[in-house]
Amino acid sequence: MNRSAAVFRETSAEPRTESVPFSHLSLELGHLYMEDFVEGPARLRRHFAAVRPWVDAARAGLGPLGTGRRPRISTCFLIDDYFSRLSTPAELIPPLLAAAADAGLTIDYLARESGCAVADPAHRDRAELAESVLHRLVESPPPGSNGFRPPVSRTGWLTNGRRAPARRTSAALDSTGTVWQPPSETGARGHSVFMDVELWNGPDDDRTWSCAFLASVWQLVRLGLLRDNGRAVLTPTPFDDQEFPAEWDALPPVLRLNPQAAPFTAYVTCSVLPARFLPVEHAVRVILDQVHVEAEALAQIAERSAAEGFAVPAGVVDRTSYVFPPGL
Amino acid sequence: MDGLGTASGPVLVCGEVRTCLLPTRDAVDERAAVELLRLRADERVRVSRHPNRHAVSPDVLTGVDCRLPTATGARSRAVGTVTARAALTEGRVLQATAYFSAPAAGPDRRQPWGYYLVRPGTLVPVGRLPGKALTEGFLTGHQPGELDIGSVADSLLARISRQHRILDHDTPLTTADTSLRWTAAAAADGEETSLRFTKAEDGLRIVELRLPPGTAPTAAAELCEDLALHDWLLTTVADKLDGLRVGSEDGRAVLKVLRPLVDHLLHLWMPQARVDGALHTAWRELERTPGYSRQWNALAQRIRDQLVLQNLGVPRQALPAR
Amino acid sequence: MLVFAASDKGGTGRSVTSANLAYHLALGGDDVCYLDFDFGSPTAAAVFDLPDVLTEAEERGLHSYLQGKTGKPFRVDVWARTEHPDLRSRPGGSGRLVLLPGDRTGGEFVTDEENLHRCVDLILGLKREFDVIIVDLSAGRSYAMDLALVATSPRGGLGRLKTRWLVYHRWTRQHVMAAAELVYGKQGIVQAGIAMGHRPDALNGSTRFVRAAVPDLESPLWSQVSPAQYAWMRKCDKELEQLAAGRGIGKTRVLASIPLEPVLQWQERLITDEDVHDRRIANNETWQAMGDLAQRVNDDKFWGEL
């Protein structure tokens, strides 16, 4: 068989988007900074105790499905090993799991934030997830964008509207006499809440991704919307009763800790988070609103959820939800 | 996206193709071609090796929200995304295409952006699409502030041209870029597939297509890329031969013009290499009048004959006068 | 090839000589494009005898393009549009000659990253189409010059293009000193270039001087002067040569000397073969000097480190 012809056929005709299994809901049991872990087990227990009632509420909110069947719900927890690494997995994870268990919660899946940034160590040939998502951003055009002047993009930043024009000339030199204009939010109701999100900084070949951007990647991963050349990414690795390693990089990016867990990826997500993450999650929504996900991935979800009689919102950002409980 | 003229598909597809010589001394190999066209990290460059080497980038989208060009001057706004992609033929000729599909009507106001992102490459009119006026207005050219998809193609070309590790910007011959602006609508019942090709000033070509209902927008774009590639080849070679003083004493001057054509362009002529079978009729019309392949073959033969004569090294004045 | 035409002062004949250079290169078969980056006072349209072009270029000239007001700068085919009677029929074997005019209402502007990208995109596009791109810069260390220096620096995007800098000056004390200062001074091209990442040896190797309106004491123009005048002028000439050598712009760094040409004193225009041989209004030496300049710009032998 001619291999070249096969390459062409594969790309033009054959379906090539790998499908992934889906829960109905992916429930995130909070988020902590490394510094919080250092405070000790009491701090962790307080965290999960505050999360618990809202987890129950989120489960109840989903209710029994129309078919009378119980919804599939998986829980997850994201550890920030990207911005700082104060401790090792062996030291940090067992107390975390114990504190969750004390509150009657099971962490089905444990993920590392680095997994959203760098290439999967098991698949070195693949692109960094964050970079793939960066290339999938399609900026929402403020009215008047006609293709010639795309929204003035500032490298590494993304907005929900139109920036105030930069003063590029001194008044004496500017023949057009431009006056200052305020920034504006596209589609604002009356007044603007303008947001400008930093996606990364540092040199092009060694970027440091922002917390908001990695959190957006995390949402897309949980929603099962990312692929690398059609292949599923961050597929959970079973991790049953093993010792946790001393190095973060020795830990797979997503672990399945509970063998009975429903699938990691889900039609919709809910995150129970401390209110201090509200600005970050606002930024996540600004980003998610402008990510163009693969049509085939969307189509697979639409088809499967329809077959289950479960309504999934069309827009990606509408598939995420949050709880910011008091005392967390 | 569903096919052209179907119940759920677009009523009109419009696009613009830029064609130019890749700015390198030599044609690039497949590896370099893939690197040049790798516009997105998570999607591969599609490479085909038969009947010639051809690489196509993943699609990239550009959001727009603006007035549409209309012949009547009627104000009509559309929101959505324009698809752009780049293609490289035999590592030598670079093309950038920007195109969009438009349905007959859309919601009365702009929707959340997510609504448009799940319809990639579609411009949704706010209200009704002024179909005929848009076709005419688009082909005539846009006014300031109106949709300008040529610039989308331009910026893709510029983005690729800035990849200096691969591109030396030292081309073996100077060539002018061309722009081919096109629209495609579904042929009515009983109507034949048709093509109207106009050569305008400054390298602009205008193509109005009527295609079989159900034609995929991508297939229309591929047809127009193929037309643009061959029109560029013909234009470039004909321009180089125009005014060439084969009678001059200095054969080297002639050789300097002809050699690069043989080295870099003559083997590229391959009409319909990747055109959807249903659209071959469009090409057939161009072959009948003005006869693209006929002209190309004549030019190519002339170049080869001249090279043979130059190689024989017989100076013209040495020939017996008549 | 990318050729930047610079000068410290106005009135050095930079624009008119560069236009003649473009004309000679095109006559020799090169496809030539002339960019009028003299944002303060675009004059190229007048030199090429294109009277309507200034008006047509408004809002779509180079200045508007660099500011992002238009996607494609206006371009003019000189052979097709010029009203110069000698140029209307394009000579056989000649290359294309295209002008990208500036807009009159432009004025100077502060360069920023966007201007830089547009400038680089424009020149990379033109590079496919033309053998030689001549960029006429405003006088002095202008914004146009800074833009050119950044664009051609290793990080600027045009770093791989073969680039040549022509610095024009008249043959007087003030002009010689000013030209040397423009290139080698504290605020000069070389220092500014180094700050932008240029290699000083490469920048020096691609910089040459063009002396304009140089009185040739042996020409018939000066045959009527008295012996005292002649001796004084000779002495001045010698002293100037010493001054130039002392400032690093001596003969070895000079690409061409354009003699004082009465026609150009009266009118900034292209000097044609017909002006010299049919009408006999211009000097053959001028025609020759322009031809030499064109030939040497193209000849690697005249370039590189000394």
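Being a predicted model, the structure only gives us computed values, none of them experimental. (Residues numbered from 1 in each chain as written. Chains lettered and ligands numbered in written order. Predicted model: local features only at pLDDT ≥ 70, side-chain atom pairs only at ≥ 80, totals over all residues.)

Undergrad: So what's going on with the overall build of chain B? Which residues, and what values?
TA: When helices and strands are tallied, chain B shows eight helices and 10 strands. In chain B, which comprises 322 residues, the proportion classed as buried is 44%. (Helix = DSSP H or I, 4+ residues; strand = E, 2+ residues; numbered from the N terminus. Buried ≥ 20, exposed ≤ 12 C-beta atoms within 10 Å, placed from the backbone.)

Undergrad: Break down the overall build of chain C for me, with residues and values.
TA: Across its full length, chain C carries 14 helices and eight strands. By the compact-globule yardstick of 19 Å for 306 residues, chain C fits well, its C-alpha radius of gyration being 19 Å. When the 306 residues of chain C are sorted by exposure, 46% land in the buried category. (Rg over C-alpha atoms; globule rule 2.2 N^0.38 Å.)

Undergrad: So what's going on with the interface of chain A and chain B? Residues and values would help.
TA: Residue-level contacts link 35 residues of chain A with 33 residues of chain B. The set of elements that each furnish at least two residues to the side of chain A that touches chain B consists of helix 1 (3–12), helix 6 (129–135), strand 10 (227–228) and helix 9 (295–307) of chain A. With five residues, the single largest contributor to the side of chain A that touches chain B is helix 1 of chain A. Grouping the amino acids of the side of chain A that touches chain B by side-chain chemistry returns 15 nonpolar, 14 polar and six charged. (Contact = placed C-beta atoms within 7 Å. Nonpolar A, V, L, I, M, F, W, Y, C, P; charged D, E, K, R; others polar.)

Undergrad: I'd love a proper account of unusual backbone geometry, names of residues and values included.
TA: With an omega of 0 degrees, the peptide bond between B:His50 and B:Pro51 qualifies as cis. The residue B:Pro51 is located in the loop between strand 2 (46–48) and strand 3 (54–56) in this model. Here B:Thr289 and B:Pro290 are connected by a cis peptide whose omega angle stands at 5 degrees. With respect to the helices, strands and loops of the structure, B:Pro290 is situated in the loop between helix 7 (280–288) and helix 8 (292–312). The phi dihedral of A:Asn229 falls on the positive side, at around 50 degrees, and the residue is not glycine. Residue position: A:Asn229 is located in the loop between strand 10 and strand 11 (231–232). Owing to 18 C-beta atoms within 10 Å, A:Asn229 belongs among the partly exposed residues under this scheme. Of note in the backbone geometry, B:Asp202 takes a positive phi value of approximately 55 degrees without being a glycine. Within the secondary structure, B:Asp202 sits in the loop between strand 9 (194–199) and strand 10 (204–211). Residue classification places B:Asp202 among the exposed positions, given that 11 C-beta atoms sit within 10 Å.

Undergrad: Describe the UniProt feature "domain: CobQ/CobB/MinD/ParA nucleotide binding" (unreviewed entry) in chain C, naming the residues involved and giving the relevant values.
TA: Within the UniProt annotation, "domain: CobQ/CobB/MinD/ParA nucleotide binding" (unreviewed entry) is assigned to residues 4–45 of chain C. With 38% helix and 24% strand, residues 4–45 of chain C has its two end C-alpha atoms placed 18 Å apart. (UniProt positions renumbered as here; feature names shortened; annotations may be inferred.)

Undergrad: Please provide a residue-by-residue account of the nonpolar core, values included.
TA: Most often, soluble globular proteins keep nonpolar side chains buried together rather than apart. By size, the foremost hydrophobic cluster in this structure holds 88 residues, and its most contacted members are C:Ile133 and C:Ile134. Among the nonpolar cores identified, the runner-up in size contains 76 residues, and B:Val17, B:Cys66, B:Val93 and B:Leu223 belong to it. (Core = buried A, V, L, I, M, F, W, Y, C linked by C-beta atoms within 7 Å.)

Undergrad: Hey, could you go over the sheet that holds strand 8 (residues 254–259) of chain C for me, with residue numbers and the actual values?
TA: One open sheet accounts for eight strands, arranged 3-4-2-5-1-6-7-8 (chain C); its pairing is mixed. Only two strands of the sheet have a single neighbouring strand rather than two, namely strand 3 (76–77) and strand 8 of chain C. (Pairing = 2+ DSSP bridges.)

Undergrad: An account of the packing of helix 1 (residues 14–27) of chain C against helix 14 (residues 284–298) of chain C is requested, with residue identities and associated values reported.
TA: Residue and element names in this part refer to chain C. In contact at an axis separation of 9 Å, helix 1 and helix 14 are set at 70 degrees when each is read in the N-to-C sense. In terms of axis orientation, helix 1 runs roughly perpendicular to helix 14. Between helix 1 and helix 14, the residues in contact are Asn20, Leu21, His24 and Leu25 and Met290, Gly291, Leu293, Ala294 and Val297, respectively. The class makeup of the residues in the contact of helix 1 with helix 14 is six nonpolar, three polar and no charged. (Axes fitted to C-alpha atoms, helices over the stretch in contact; angles between N-to-C directions. Parallel < 35°, antiparallel > 145°, perpendicular 65-115°, else oblique.)

Undergrad: An account of the pairing of strand 1 (residues 12–21) of chain B is needed here, citing residue identities and associated values.
TA: Residues and elements named next belong to chain B. Counted residue by residue, strand 1 has 10 buried out of 10 residues, so it is predominantly covered. When strand 1 meets strand 6 (residues 93–102), the two strands line up antiparallel, connected through 10 bridges. Residue pairing in the sheet places Val17 in a bridge with Thr97 of strand 6. Bridge count for strand 1 against strand 8 (residues 178–186) is eight bridges, and the pairing is antiparallel. Among the inter-strand pairings, Val17 is bridged to a residue of strand 8, identified as Leu180.

Undergrad: Talk me through the pairing of strand 1 (residues 23–28) of chain A; I want residue IDs and the actual numbers.
TA: Residue and element names in this part refer to chain A. Across the six residues of strand 1, six count as buried, placing the element largely inside the fold. The pairing of strand 1 with strand 14 (residues 266–272) spans five bridges and is parallel. Each bridged residue has a counterpart across the sheet, and for Ser23 the counterpart in strand 14 is Ala266. Note that strand 1 and strand 2 (residues 73–79) share four bridges and pair parallel. Bridge pairing in strand 2 links Leu25 to Ile73.

Undergrad: Could you give me a rundown of the packing of helix 6 (residues 251–264) of chain B against helix 8 of chain B, with the residues and numbers involved?
TA: Residue and element names in this part refer to chain B. Across the interface, helix 6 lies against helix 8 with an axial gap of 10 Å and an inter-helix angle of 135 degrees. Judged by the angle between their axes, helix 6 and helix 8 are oblique. As for how helix 6 packs across helix 8, the hand of that crossing is left-handed. The segment helix 6 lies against helix 8, with Gly251, Val254, Leu255, Leu258, Leu261 and Val262 engaging Ile303, Gln306, Leu307 and Gln310. (Left-handed = near helix turned anticlockwise from the far one by under 90°.)

Undergrad: So, the domain arrangement of chain B: which residues are in play, and what are the values?
TA: Residue and element names in this part refer to chain B. When its domains are assigned, chain B resolves into domain 1 (12–216) and domain 2 (235–316). If you average the C-alpha positions of domain 1 and of domain 2, the two centres end up 27 Å apart. Taken together, the contacts link 19 residues of domain 1 with 15 residues of domain 2. Put simply, the parts of the chain that give the side of domain 1 that touches domain 2 at least two residues each are strand 9 and strand 10. Class assignment of the residues belonging to the side of domain 1 that touches domain 2 gives a composition of 10 nonpolar, seven polar and two charged. (Domains from an automatic or database assignment.)

Undergrad: Could you give an account of helix 1 of chain C, naming the residues involved and the relevant values?
TA: Look at helix 1 of chain C: 20 Å from first C-alpha to last across 14 residues, which is about the 20 Å you get at 1.5 Å a residue. By the criterion of burial, helix 1 of chain C is predominantly enclosed, with 14 of the 14 residues buried. (Expected span 1.5 Å × (residues − 1).)

Undergrad: Kindly report on helix 6 (residues 113–129) of chain C, identifying the contributing residues and their values.
TA: An α-helix turns once per 3.6 residues; consequently, residues spaced three or four apart project the same way. Spanning 17 residues, helix 6 of chain C covers 25 Å between terminal C-alpha atoms, matching the ideal 24 Å at 1.5 Å per step. By the burial criterion, the buried members of helix 6 of chain C are C:Asn115, C:Cys119, C:Val120, C:Leu122, C:Ile123, C:Leu124, C:Leu126 and C:Lys127. Against helix 4 (149–161) of chain B together with strand 1 (2–7), strand 2 (32–37), helix 4 (62–66), strand 5 (132–137) and helix 7 (143–152) of chain C lie the buried residues of helix 6 of chain C.

Undergrad: Tell me about the sheet that holds strand 1 of chain A, and name the residues and values.
TA: All names here are of chain A. Strand order across the open sheet formed by seven strands is 12-13-3-2-1-14-15, with mixed pairing between neighbours. Each end of this open sheet is capped by a strand with a single partner; those strands are strand 12 (237–238) and strand 15 (320–323). Across four bridges, the pairing between strand 2 and strand 3 (residues 109–112) is parallel. Bridging across to strand 3, Phe77 finds its partner in Leu110.

Undergrad: Hey, could you go over the environment of B:Asp148 for me, with residue numbers and the actual values?
TA: By the secondary structure assignment, B:Asp148 is in the loop between helix 3 (131–140) and helix 4. C-alpha of B:Asp148 to C-alpha of B:Gln295: the two residues are 147 residues apart in sequence and 33 Å apart in space. Ignoring anything within four residues of it in the chain, the contact list for B:Asp148 reads A:Asn146, A:Gly147, A:Phe148, B:His142 and C:Gly71.

Undergrad: Let's hear about the environment of A:Thr159: which residues, and what values?
TA: Residue and element names in this part refer to chain A. Relative to the helices and strands, Thr159 is located in strand 4 (residues 157–159). The class for Thr159 is buried, based on 23 C-beta atoms found within 10 Å. Among all residues touching Thr159, those that are not within four sequence positions of it are Phe194, Met195 and Asp196.

Undergrad: Could you give me a rundown of the confidence of the model for chain C, with the residues and numbers involved?
TA: In this model, chain C carries an average pLDDT of 90, and 97% of its residues clear a pLDDT of 70 or more. Across the interfaces of the predicted complex, the ipTM metric reaches 0.88, alongside a pTM of 0.90. (pLDDT = per-residue confidence, 0-100.)

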